[in-house]
Amino acid sequence: MSFPLVAEPAGLLPAREQMGFSLGWHIILAAFGVAFPAMIFVVHRRGLRGDEVALRLARRWSKVAAVLFAIGAVSGTVLSFEMGLLWPGLMGRFGDVLGLPFAFEGLSFFLEAIFLGIYLYGWDRLPPRLHLWCLAPMIFSGVFGAYCVVAVNAWMNMPTGFRLTPAGDVVDVNPWRAMFNGRAFLQFAHMWLAAYMLVGFVVAAVYAAGRLRGRNDAHHRLGLAVPLRFASVAAILQPIVGHILGIALGDIQPSKLAAFELDVHTEQPAPLRLGGLLIHGHPEGFIAIPKWGSFIARGSFSKPVRGLDTFPPEDLPPVNITHAAFQSMVGIGTVLAVAVVVYWLARWRGHDLADQRWALRCLVVAGPLAVLALESGWVATEVGRQPWTVFGILRTVDAAGDNPGLWWVFSGVLIVYLGMTVGAWVVLRSMTRRWRAGEEELPSPYGPAPEEVSR
Amino acid sequence: MTLEIAVAAALFVGVLAYALFGGADFGSGFFDLTAGGATRGAELRSQVDHSIGPVWEANHVWLIFCLVTWWTGFPASFAATTTTLFVPLVLALAGIVLRGAAFAFRKYAPSIGQARLYGAIFAGSSLITPFFLGTVAGAIASGRVPADGYGDRWTSWLHPTSVFGGVIAVGTCAFLAGVFLCADAERAGHPPLVDTLRRRTLGVGVVTGLVVFAALVPIRDDAPTLAHGLERQAAPLIIASGLTGLLTLILLWRRRFRVARLSALAAVATVISGWGVGQYPWLLVDQVRINDAGGAHATLVGLLVAVGCAAVVVLPPLAALLWFAQSEDSTHPAPRSAP
């Protein structure tokens, strides 16, 4: 057995950075692919019942979806290359264990791309009801595709569906068990709600910003109301799902849990530590709430939470990043959930807070916060799984390749993604500007040329 | 037929679909690049936009399908290839990213300057990707990817078979695209555009055909196993490719563009199949046979289930989309102009 520092291959650190970066970038677009079609469906259906404003909103959203989908397809292709280019040690050994969900994900992505094309071409061409229902396969394939991808991640957290021989060979592979592993459904539910929160709050934030600038028309009201409803339902359910998902963590990944909770020693019951960092092995700068750590981690006010010092040091994740990311996710999630509860209570009492400037400002902030919460959640679960790629089975050191020059590739990736971000921003801004100027028929990546639409 | 062969066949169908549909898509970048200045090339570029608009991204899915099937069905050989052919794969990927993003952005570009920038990136990267994917095929076919991976990062793909593979990939893509663009431009009723496209496509076709057959000479030394296969079990396919290629040129000459599309597809399909059949039964030539490379059997069965589902669920709507996009373009998009 060699020391980790000596054995660290050239590809490890840049591969980690690049995978984290490109995945973190893609996940925002993936969330739109999962959640946006359902919101378009709602406004489109409303539009078919005679609401012209809603119909126009559906047309515009479908074009925004096309832009986001187009760059999402590109960044998704990047990820499938990266699986092999950055993690040959994972794919070469476990490709046939974890590959099947990816095959089904590819299938559902294909379906979504095709129906997006049909939907965009369908405006003014297909019978209205049939056209509306073209969104249904998109909604379904977005959900199923998300399940498949999350199933792979859940498998990495709790590997099943194979056996290791003493020599380290992978035998008795059952890919279906890997695909439908015990954690997959809950983890998917968590991600699914997160996607609705992200898209709901981000889209609502766009229209809230418009209303703050004095565009207080029906268009902006509806554009705010529909995504806010989706986000509200998701934000209220999310803490419950997250909690259920977390309860089993003490059995499945106790080291991740200890890092989440910043528990150095095993405590019974453990306090909840808000904030704080591990400095020279001691947690500092936190606020402790007695017993709540045990409740959040184990679902009971009396159960113990295993401490970091019970693990060999080489099996521990980077504690501070994991802890900070986990707490950001939970903190933001709680704030958003409380905020929507306040909003709907006020609505129930007859006050629409969306008419208040301060509430609109809060909504504008809620968009980026939802993005931050989702990214924090991924950082928490991914960094918290370290030093393993496949928990307890394959260390990340062994999953990485040994290609020099990865820093160059990563630099290139940073530049290209920066360009794509700027490009997407410029394009989306220019679309809204042209819409505002009264140009309704803009082109879209999958759609027909505008001249044909207006004929 | 073993499970491994069945999955390899499914994988190769994906390669073929990507080469044909994705190829026609990539090749349009060549005509976009050579269309001339912003004013002179506007008509041709609008035609390119119009022709590949509805399908351009669906085509990436073929590539994703190939990658996923490869790593799930034949994981060790996949890792061997990615660790050896790291450089061309990264460059091909760079082409895909730049091209996809630039094409999407060009559609919305608010000014001619931005359209020109995105257009140049789109067209340039359209050539990069087929070239480097062609070198990857050449490296595998010439036995330069060792079974355990980490082959030489440079010499594995900088040799005659790979370079010819890259050039042939670019040429066949451009040829396919040219034939399709001719047919589209004719249907849209643009005789001068048809003339330009026809002339260029004929040129591309002649050059590519010559390169394909010229490549057979250096391959004998550089990739003996492949050459042996090409001269024996794959010989009928290579001959068929030559004949259909020639037929396509004649049809182009006689302006029978609609029929030429079919023979062009056949010419490219046979040349790609020639490669596949030529290197059979090797997955990585001289290194790993298909039958020895397979992953777990349960997974191979699962993959075939997924492929079956795809055939049932995906192909009908795909056909509907293509039919839908093709059937309604009786009008022609106006040339791009500055706002």
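This structure is a prediction, so every number in the text was calculated from the model and none was measured.

> So, the overall build of chain B: which residues are in play, and what are the values?
Scanning chain B for helices and strands turns up 14 helices and 2 strands. Over its C-alpha atoms chain B spans a radius of gyration of 20 Å, differing by no more than 12% from the 20 Å that the globule rule assigns to 339 residues. In chain B, which comprises 339 residues, the proportion classed as buried is 61%. Partitioning the intrachain contacts of chain B with sequence separation of at least 6 by distance along the chain shows that 80% fall at a separation of at least 24. For chain B, the exposed area adds up to about 12600 Å²; of that, 70% sits on carbon and sulfur atoms.

> Would you mind going over a nonpolar patch on the surface in detail, with residue names and values included?
Residues and elements named next belong to chain A. Judged by side-chain polarity, L274, I287, I289, W292 and F301 come together as a nonpolar surface patch covering roughly 450 Å² of accessible area. Counting through the fold element by element, F301 comes out in the loop between α12 (292-298) and α13 (319-348). In this structure F301 comes out as partly exposed when scored by relative accessible area, which is 38%.

> Summarise helix α3 (residues 52-86) of chain A; cite the residues concerned and give the values.
For α3(A), built from 35 residues, the straight-helix expectation of 51 Å at 1.5 Å per residue is met to within 8% by its first-to-last C-alpha distance of 49 Å. Of all 35 residues in α3(A), 31 are buried; the element is thus mostly enclosed.

> Could you give me a rundown of helix α9 (residues 218-247) of chain A, with the residues and numbers involved?
Because an α-helix packs 3.6 residues into every turn, residues spaced three or four apart end up facing the same way. Compared with an ideal rise of 1.5 Å per residue, which puts 30 residues at 44 Å, α9(A) spans 44 Å between its outermost C-alpha atoms and is within 8% of the ideal. A:Q238 marks where α9(A) bends most, by close to 35°; the proline A:P239 follows one to four residues later.

> Could you give an account of the packing of aromatic side chains, naming the residues involved and the relevant values?
Counted according to the given criterion, the structure contains 39 aromatic pairs over all chains. Ring centres 6.3 Å apart and planes at 25° place the aromatic pair B:F21 and B:W62 in the stacked group. Here B:W62 lies in helix α3 (residues 58-73) and B:F21 lies in helix α1 (residues 3-33), a separation of 41 residues in the sequence. We classify B:F21 as partly exposed; its relative accessible area is 41%. Residue classification places B:W62 among the buried positions, given a relative accessible area of 13%. One residue, A:R306, lies across the ring of A:F311, its end atom 4.1 Å from the ring centre. A cation over an aromatic ring shows up here: A:R395 above the ring of A:W388, its NZ or CZ 4.3 Å from the ring centre.

> Kindly report on the environment of B:F164, identifying the contributing residues and their values.
All names here are of chain B. Considering the arrangement of structural elements, one finds F164 in helix α7 (residues 160-187). For F164, a relative accessible area of 24% translates into the label partly exposed. Along the chain, F164 and C66 lie 98 residues apart, while their C-alpha atoms are 22 Å from each other. Beyond its immediate stretch of four places on either side in the chain, F164 contacts V211, A215 and P218.

> Go over the side chain of A:H190, please, and point to the residues and values.
Considering the arrangement of structural elements, one finds A:H190 in helix α8 (residues 184-212). With residues up to four places along the chain from it excluded, the contact list for A:H190 reads A:Q238, A:V241, A:G242, A:L245 and A:M329.

Rules used throughout
- Residues numbered from 1 in each chain as written.
- Chains lettered and ligands numbered in written order.
- Predicted model: local features only at pLDDT ≥ 70, side-chain atom pairs only at ≥ 80, totals over all residues.
- Heavy atoms only, no water.
- Helix = DSSP H or I, 4+ residues; strand = E, 2+ residues; numbered from the N terminus.
- Rg over C-alpha atoms; globule rule 2.2 N^0.38 Å.
- Buried < 20%, exposed > 50% of the residue type's maximum accessible area, 1.4 Å probe, protein only.
- Contact = heavy atoms within 4.5 Å.
- Areas by Shrake-Rupley, 256 points an atom, 1.4 Å probe, with all protein chains shown as cover.
- Patch = residues over 30% accessible without salt bridge, like charges linked within 9 Å, V, L, I, M, F, W, Y side chains within 5 Å.
- Salt bridge = Lys/Arg side-chain N within 4 Å of Asp/Glu carboxyl O.
- Expected span 1.5 Å × (residues − 1).
- Bend = angle between axes of the 7 residues up to and from the residue.
- Phe/Tyr/Trp six-rings, centres within 6.5 Å; stacked < 30°, edge-to-face > 60°.
- Lys NZ or Arg CZ within 6 Å of the ring centre and 35° of its normal.

By themselves, these are just geometric observations and shouldn't be taken as functional.
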